[in-house]
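# Summary of structural features
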Amino acid sequence: MDYILALLFSLLQILSVGTAVPVTMDTVLMKSKVKWMAGQLVVKLEKNVEIPPTLTLSPPTDSLDGPSCIVPVLDGYNSLISDSLIGVSQIKTEIASLTGYLDQWRKAHCSEQWPKLSLPMRLQELQSQKKHIHTVSFEALLRVKEFLNLLLKNLDLLENC
């Protein structure tokens, strides 16, 4: 009886170790590159974008439910940033570069399809207020900075497909 229990315990341990997904070198490199790209973007946003002091934001509602939300959220905010604002064209290019990199990495390393997620409510509201282009642009820039800071604190979520 003891040998059956020992055998079951060994089998359970083998199954639990065998099903764990090891972090590959590709994943480590990807996280490192995303950390660098997002960090550079945050620095540029803090340095180059002057937000009017009268602009107040509601609390952030964006969350990182996993990597499937990162690309559409950043793409959504990036599409709201007006090209007419001084100094944002490079920032928009770098946001697009980050989202393109993450999307390309996902396509190469994840076999499962990402579900079509609904965008955060505030992003949806901003998309409907495009007539106030500069106000929307400034808020989108602030939301990108908040989202990137959240991403930098949760880089481990990038390991999941």
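So, a few notes on the structure that sits alongside this text. (Residues numbered from 1 in each chain as written. Predicted model: local features only at pLDDT ≥ 70, side-chain atom pairs only at ≥ 80, totals over all residues. Heavy atoms only, no water.)

### Thoughts on the nonpolar core
The cut-off we apply is this: Residues belong to one nonpolar core when they are buried, are Ala, Val, Leu, Ile, Met, Phe, Trp, Tyr or Cys, and are joined through side-chain atoms within 4.5 Å. Classification of residues uses two cut-offs on accessible area relative to the type maximum, computed with a 1.4 Å probe and protein chains only: under 20% is buried, over 50% is exposed, and between them is partly exposed. In DSSP terms, a helix is any run of H or I states spanning at least four residues, a strand is any run of E spanning at least two, and both are numbered starting from the N terminus. Any pair of residues with heavy atoms lying within 4.5 Å of one another is described as a contacting pair.
Counting residues in hydrophobic clusters, the biggest one holds 36 residues, and the most contacted among them are V34, I70, L141, L148 and L151. Elements that contribute at least two residues to this core include exactly helix 2 (25-48), helix 3 (70-80), helix 4 (89-109) and helix 6 (133-153). Here this core gets 8 residues from one element, more than from any other, and that element is helix 6. Look past the residues within four positions of L148 in its chain and what remains in contact with it is A38, L41, V42, L45, L74 and L98.

### As for the environment of L41
Mapped onto the elements, L41 comes out in helix 2. Classification of L41 by relative accessible area gives buried; the value is 1%. Separated by 53 residues in the primary sequence, L41 and E94 place their C-alpha atoms 7.1 Å from one another. With residues near it in sequence (within four places) discarded, L41 still touches I91, E94, I95, L98 and L148.

### Some thoughts on a nonpolar patch on the surface
Convention followed: Residues forming no salt bridge and having over 30% relative accessible area are the ones grouped into patches, like charges within 9 Å of each other and nonpolar side chains (Val, Leu, Ile, Met, Phe, Trp, Tyr) within 5 Å. Residue burial considers only the protein chains on display, and all accessible areas are found by Shrake-Rupley using a 1.4 Å probe. Whenever Lys or Arg places a side-chain nitrogen within 4 Å of a carboxyl oxygen from Asp or Glu, that contact is recorded as a salt bridge.
Judged by side-chain polarity, M25, V28 and L29 come together as a nonpolar surface patch covering roughly 310 Å² of accessible area. Mapped onto the elements, V28 comes out in helix 2. Residue V28 is classed as partly exposed on the basis of its relative accessible area, which comes to 42%.

### Focus: the packing of helix 2 against helix 6
Short version of the rule: Orientation is described by axes fitted as lines to C-alpha atoms, over the contacting stretch for helices, and by angles from 0 to 180 degrees between their N-to-C directions. In this scheme the crossing of two helices becomes right-handed for a clockwise turn of the near helix relative to the far one and left-handed for an anticlockwise turn of less than a right angle. When residues are grouped by polarity, Ala, Val, Leu, Ile, Met, Phe, Trp, Tyr, Cys and Pro land in nonpolar, Asp, Glu, Lys and Arg in charged, and all others, Gly among them, in polar.
At a minimum axis separation of 9 Å, helix 2 and helix 6 run at an interaxial angle of 145 degrees. Between helix 2 and helix 6 the crossing geometry is left-handed. In this structure, helix 2 contributes V34, K35, A38, G39, L41, V42, L45 and E46 to the contact, and helix 6 contributes L141, V144, K145, L148, N149, L151 and L152. Looking at the contact of helix 2 with helix 6 residue by residue, the classes come out as 10 nonpolar, 2 polar and 3 charged.

### Some words on the environment of V71
For V71, the position within the fold is in helix 3. For the pair V71 and I95, spaced 24 residues apart in sequence, the C-alpha separation works out to 9.7 Å.

### Let's talk about the pattern of salt bridges
Scanning the model with the defined rule gives 8 salt bridges in all. E94 is the salt-bridge partner of K44, the closest N and O atoms lying 2.3 Å from each other. Taken together, the residues span a long stretch of sequence, with K44 in helix 2 and E94 in helix 4 at a distance of 50 residues. On the basis of relative accessible area, K44 is assigned to the partly exposed category, the value being 26%.

### Some points on helix 6
Cut-off, in case you're wondering: Helix span, as expected, comes to 1.5 Å for every residue beyond the first.
Taking 1.5 Å as the rise per residue, helix 6 with 21 residues should run 30 Å; its terminal C-alpha atoms sit 30 Å apart, in good agreement. Listed in full, the buried residues belonging to helix 6 are V136, S137, F138, E139, A140, L141, L142, R143, V144, F147, L148 and L151.

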